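Inside the fold
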Amino acid sequence: MNELIRINQSDLVAVALRPINSGEEVPVSGAGFSIKANEDIPMGHKIALRDIKAGEPIIKYGFPIGAATSDIPQGFHVHTSNTHTLLSGAHDYEYHPTNPKVESVKPETFYGYLRSNGKVGVRNELWIIPTVGCVNDIAVTLEHKAKNLVEHVRAFTHPYGCSQMAEDQDNTRRILADLATHPNAGGVLMLGLGCENSGIDTIKPFMGDYDPERVKFLISQDVNDEVEAGMKIIQELAAKINSDKRVPCETSKLIIGLKCGGSDGLSGITANPTIGYFSDMLIAQGGSTILTEVPEMFGAETILMNRGKDEATYEKTVHLINDFKDYYASLGMPCYENPSPGNKAGGITTLEDKALGCTQKSGSAPVSDVLKYSEKVITPGLNLLSAPGNDLVASTALASAGAQIVLFSTGRGTPFGCPVPTVKISSNSPLAAKKSNWIDFNAGTLVDGGTLPEKARELFNFVLKVANGEKTRNEINNFQGMAIFKTGATL
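Residues numbered from 1 in each chain as written. Predicted model: local features only at pLDDT ≥ 70, side-chain atom pairs only at ≥ 80, totals over all residues. Heavy atoms only, no water.

Within helix 10 (residues 391-400), 8 of the 10 residues are buried, which leaves it mostly tucked inside the rest of the structure. Every buried residue belonging to helix 10 is among V393, A394, S395, T396, A397, L398, A399 and S400, and all of these are buried. The opening residue of helix 10 is N390, an N-cap whose side-chain oxygen sits 3.4 Å from the backbone nitrogen of L392. A positive backbone phi angle near 120° is found at G402, which sits one or two residues after helix 10. (Buried < 20%, exposed > 50% of the residue type's maximum accessible area, 1.4 Å probe, protein only. Helix = DSSP H or I, 4+ residues; strand = E, 2+ residues; numbered from the N terminus. Polar contact = N/O pair within 3.5 Å; in protein donor to acceptor, adjacent residues only side chain to side chain.)

Another point: the sheet that holds strand 6 (residues 57-60). One open sheet holds the 3 strands; their spatial order is 6-7-9, and the pairing between them is antiparallel. This sheet does not close on itself; its edge strands, each paired only once, are strand 6 and strand 9 (83-84). With 2 bridges joining them, strand 7 (residues 63-68) and strand 9 adopt antiparallel strand pairing. Paired with A68 across the strands is T83, a residue of strand 9. Its contacts with the sheet place helix 9 (residues 351-358) against strand 6 and strand 7, and it is angled at close to 165° to strand 7. (Pairing = 2+ DSSP bridges. Contact = heavy atoms within 4.5 Å. Axes fitted to C-alpha atoms, helices over the stretch in contact; angles between N-to-C directions.)

Another point: the sheet that holds strand 17 (residues 255-260). Spatially, 7 strands are ordered 19-20-18-17-21-22-23 in an open sheet, and the strand pairing comes out parallel. Both edges of this open sheet fall to strand 19 (367-371) and strand 23 (441-442), since each of them pairs with a single strand only. Relative to strand 23, strand 22 (residues 422-426) is paired through 2 bridges, and the arrangement is parallel. Bridge pairing in strand 23 links S426 to N442. Against the sheet, helix 7 (residues 311-330) contacts strand 19 and strand 20 (381-385), and its axis sits at roughly 40° relative to strand 19.

What follows deals with the layout of surface pockets. Here the largest pocket defines a volume of roughly 660 Å³. Lining the largest pocket are 37 residues, with N117, K119, V120, T181 and P183 positioned closest to its centre. Grouping the constituent residues of the lining of the largest pocket by class yields 15 nonpolar, 14 polar and 8 charged. The computed volume of the second largest pocket comes to approximately 480 Å³. Taken together, 17 residues form the lining of the second largest pocket, with E167, D323, K372, Y373 and S386 sitting closest to its centre. The set of elements that each furnish at least two residues to the lining of the second largest pocket consists of helix 2 (166-180), helix 7 and strand 19. A per-element tally of the lining of the second largest pocket places helix 7 first, with 6 residues. A per-class count over the lining of the second largest pocket returns 7 nonpolar, 4 polar and 6 charged. (1 Å grid on protein atoms, 1.4 Å probe; cavity = no way out; pocket = protein on both sides within 12 Å on 5 of 7 lines; lining within 4 Å. Points joined across faces, edges and corners; volume = space filled by probe spheres on them. Nonpolar A, V, L, I, M, F, W, Y, C, P; charged D, E, K, R; others polar.)

This structure, assessed with the given rule, holds 1 cavity of 30 Å³ or more. Space inside the largest cavity adds up to approximately 70 Å³. D264, G268, I348, K354 and G357 are the residues nearest the centre of the largest cavity, which is lined by 14 residues in total. Looking at the lining of the largest cavity, the element that brings in the most residues is helix 9, giving 4 residues. Across the lining of the largest cavity, the residue classes break down as 4 nonpolar, 6 polar and 4 charged.

Moving on, we come to the side chain of E293. Considering the arrangement of structural elements, one finds E293 in the loop between strand 18 (288-291) and helix 6 (301-305). Residue classification places E293 among the buried residues on the basis of a relative accessible area of 0%. A distance of 2.7 Å separates the side chain of E293 from the side chain of K259, its partner in a polar contact.

Between helix 2 and helix 3 (residues 200-207), the least distance of the axes is 8 Å, while the angle of their chain directions is 65°. Here helix 2 is positioned roughly perpendicular relative to helix 3, judged by the angle of their axes. Where helix 2 crosses over helix 3, the two elements pack in a sense that is right-handed. Taken together, the residues of helix 3 that come into contact with helix 2 (itself represented by D170, R173, R174, L176, A177 and A180) are T202, I203, F206 and M207. Broken down by class, the residue content of the contact of helix 2 with helix 3 amounts to 6 nonpolar, 1 polar and 3 charged. (Parallel < 35°, antiparallel > 145°, perpendicular 65-115°, else oblique. Left-handed = near helix turned anticlockwise from the far one by under 90°.)

So, about the pattern of salt bridges. Counted by the stated rule, this structure contains 22 salt bridges. We note a salt bridge from R50 to E56, for which the minimum N-O separation is 2.6 Å. Residue classification places R50 among the partly exposed residues on the basis of a relative accessible area of 35%. Ionic pairing is found between K354 and E296, a salt bridge with its closest N-O pair at 3.3 Å. Note that K354 is positioned in helix 9 and E296 in the loop between strand 18 and helix 6, a separation of 58 residues in sequence. By relative accessible area, K354 is classed as buried at 8%. A network of salt bridges, in which partner residues are shared, links R115, D211, R214 and D244. (Salt bridge = Lys/Arg side-chain N within 4 Å of Asp/Glu carboxyl O.)

Take the environment of K106 next. Turning to its location among the elements, K106 is positioned in the loop between strand 9 and strand 10 (109-114). Taking C-alpha positions, K106 is 35 Å from P415, a pair spaced 309 residues apart along the chain.

Turning our attention to helix 12 (residues 452-467). For helix 12, spanning 16 residues, the distance from its first C-alpha to its last is 22 Å, which sits close to the expected 22 Å at 1.5 Å a residue. Along helix 12, the positions that sit buried rather than exposed are K455, A456, L459, F460, F462, V463, L464, V466 and A467. On its buried face, helix 12 is in contact with strand 10, strand 17, helix 5 (271-284), strand 21 (405-410), strand 22 and strand 23. Positioned one or two residues after helix 12, G469 has a phi angle of 125°, which is positive. (Expected span 1.5 Å × (residues − 1).)

What follows deals with the pairing of strand 20. Burial of strand 20 is extensive: 5 of the 5 residues sit out of reach of the surface. Relative to strand 20, strand 19 runs parallel, the two being bridged by 4 bridges. Counted as the bridge partner of D369 is N383 from strand 20.

The side chains of a regular strand alternate, first on one face of the sheet and then on the other. Taken across its 6 residues, strand 21 has 6 buried, putting it largely inside the fold. A two-sided burial pattern is seen for strand 21, the buried positions comprising I405, L407 and S409 on one face and V406, F408 and T410 on the other. Pairing analysis gives 5 bridges linking strand 17 to strand 21, with the strands arranged parallel. Bridge pairing in strand 21 links L258 to L407. The sheet contact formed by strand 21 and strand 22 spans 5 bridges and is parallel. Its bridge partner being in strand 22, F408 is matched across the sheet by K424.

Here's what the structure looks like:
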């Protein structure tokens with residue numbers, strides 16, 4: 001088993017792949033030498049490979065992750081007590097294209113539900129979508145009554161749809177419209193109240209060319225008994241859903257969301273690179289992936305900018321980053337209130353440290369497009385999506401953008417699920433063993449041996465199983481929710 005790893009030959013730190021005790025002499029994988037630990041180094045945390053002077057940049061992943069706030073002798077723990085971020089506010093950037101390439105290969109096949117618009121679902125569920133929080137309880141009542149009519153029914157409750165203004169309200173309308181037209185939903189009942197700002201007639205224009213046989217509407221104030229009326233509509237939808245069959249589909253039809261949460265020091269070494277390699281494999285087959293969590297790109301953003309397929313895509317990425325920084329500034333909030341306590345406990349020290357690990361999920365493909373919040377994928381390849389780092393908000397945004405499945409790496413563990421199958425990928429084996437009721441796939445075995453291409457192929461095969469209908473842990477646990485990004489005032 002590897003014990004310490006230097007990720008890049010220029011790194012000044014190595015990461016502990018197991019807890020290292022003070023006084024241990026440990027070989028450094030990828031470096032060809034050993035080092036003595038002069039204090040305890042927890043798993044996922046960093047050790048200085050040489051003396052680092054106060055003010056000197058600390059290099060990890062081949063990039064600065066901050067600077068030393070004091071002298072750090074060789075063999076000592078490098079973490080929040082002796083390191084600070086180098087990040088600040090909005091920047092002026094320059095385009096230095098790296099011109100990455102992904103060689104095309106023949107798509108593989110899975111069995112999905114082909115929709116009338118050419119999109120493909122990996123599930124055939126009945127979704128009940130309230131237009132406003134006032135009818136949440138009605139939606140839940142309908143969900144319970146419809147459970148025996150279809151394989152899976154879900155009411156996606158939320159507190160919004162009224163008392164919002166301007167762009168904030170339009171965001172709610174777009175997210176609800178996107179979910180109502182998602183290919184994983186074989187049938188949708190959009191449930192309104194009748195007096196809300198984001199009523200059914202207001203949301204319909206955001207839905208585009210929807211299938212009226214699969215998307216139905218009910219305004220509760222217009223009927224005597226909204227539950228009776230809702231169940232009549234649901235029975236019609238259920239008949240349609242239950243007649244659907246899976247058919248062979250190419251992997252070029254897959255759109256996969258990429259997300260991480262509760263990251264640790266191994267996330268950027270095991271789980272996220274595995275996801276990144278997977279992303280390159282899917283893109284090579286003509287499929288698409290979506291990377292989000294813009295605040296967790298801060299510190300690694302130039303890597304993504306310079307991978308833009310052209311200068312226009314580069315400029316969109318610059319706006320993606322700086323617009324999010326401006327959003328924080330407009331609220332008087334710091335841009336870099338990150339990493340979280342759980343991240344720090346797992347070995348992540350600064351936002352640069354977190355971002356350089358987080359963006360490993362993007363692989364090496366060119367950035368093909370940059371999407372605003374609630375926009376859908378239209379360009380195959382790697383897409384960047386504007387959304388915050390919050391797990392459920394970002395994952396809902398990925399589903400809204402068209403992702404049929406979300407890959408979610410974690411070093412600390414989390415049980416949640418978003419509207420689509422949410423594959424939890426553990427960065428370390430202890431987590432996978434402890435929380436097997438949450439974790440779907442263990443990338444932590446990479447530290448014990450094997451290669452990244454082998455692990456990515458294993459993940460690719462698992463994703464195909466999920467696309468074919470195998471349930472993820474969040475689905476088995478019936479953990480499936482949604483959250484909308486609220487940015488404005490409440491009336």
